[in-house]
Amino acid sequence: MLLGILVVLCFIPTADVTENKILVAQRPLLTVANKTATLVCNYTYNGTGKEFRASLHKGTDSAVEVCFISWNTTKTSSNSNKEFNCQGIHYKDKVIFSLWNMSASQTDIYFCKIEAMYPPPYVCNEKSNGTVIHVKETPIQTQEPQSAIPLWIMVAVTGVLTFYSMLITAVFINYWQKSKKNTYHRSDYMNMTPRHPPHQKNKGYPSYAPTRDYTAYRSWQP
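Just so it is clear, the structure is predicted and the values come from calculations on it, not from any experiment.

Procedures and definitions
Throughout, residues of each chain are indexed from 1 in the direction in which the sequence is written. With the structure being a predicted model, the display of local features is reserved for residues of pLDDT at least 70 and the display and counting of side-chain atom pairs for 80 or more, all residues being used for whole-chain, interface and lining totals. With hydrogens and water stripped out, all remaining heavy atoms of the structure feed into the side-chain values. Each residue is placed in one exposure class: buried if its accessible area under a 1.4 Å probe, protein chains only, is under 20% of its type's maximum, exposed if it is over 50%, and partly exposed if it falls in between. Labels follow the DSSP assignment, with helices taken as runs of H or I lasting at least four residues and strands as runs of E lasting at least two, numbered in each case from the N terminus. Criterion used throughout: strands pair if DSSP finds at least two bridges between them. By definition, disulfides here are pairs of cysteine sulfur atoms that lie within 2.5 Å.

**Things to note about the pairing of strand β1 (residues 22–25)**
For a regular strand, side chains alternate in direction, first toward one face of the sheet and then toward the other. Residues Ile-22 and Val-24 of β1 are buried on one face, while the alternating residues Leu-23 and Ala-25, pointing to the opposite face, are not. Pairing analysis gives 4 bridges linking β1 to strand β3 (residues 37–45), with the strands arranged antiparallel. For Leu-23, the partnering residue across the bridge sits in β3 and is Thr-44.

What follows is the structure, encoded as structure tokens:
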């Protein structure tokens, strides 16, 4: 009889510990290329707790609490470290932590911690293997300064200016050709300077004076 009681007492603590144990599973590596990471903490719990707290910790010693979420049957609350952009949500048997605007300096190992707060006994999970979040450095892209004037406006203005330039050039060339033709007609005049009669020597008159004809005077001589 005494032996049977001792056997029962030996099994009761073991059954109690097994019932209230929390197990957490995380993926080992998470690579971040767009500054946004989603870390899923899967857990199992067979206890009777009704109020829980889940938190995300950074570093091998879990010294930095990134953010946490607490919930019970009626409400949920969350908070984040001011150095991180983090939010946690609880869904069935998992806690999902979302991080954004991450930098390469935040590359580290992150641990999920799940706690059963109430009613007693208090239970938390043993430290898991954690998840290494590797945040890739975002290359700096240099962009050429964009013009304040839209491209289509510049093209339209250029086309209009080109058209008017060609029109003005054509008008100028036409005017120049007409002006040149009029100048040519004005310079084409008839030479009205009198000429000497044939076979007659120059009597010393100026070249512009008309030459006298003495034939008529000779016919009146006796």
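Still to come is the rest of the account.
**Considering the state of the cysteines**
Following the criterion strictly, the structure yields 2 disulfides and no others. Between Cys-67 and Cys-86 runs a disulfide, and the two sulfur atoms are separated by 2.0 Å. Linking Cys-67 in strand β5 (residues 64–71) with Cys-86 in strand β7 (residues 86–91), this pair joins segments that are 19 residues apart in sequence. Like Cys-67, the residue Cys-86 is buried in the burial classification. Numbered by position along the chain, the disulfide-linked cysteines of the chain connect as 1-4, 2-3.

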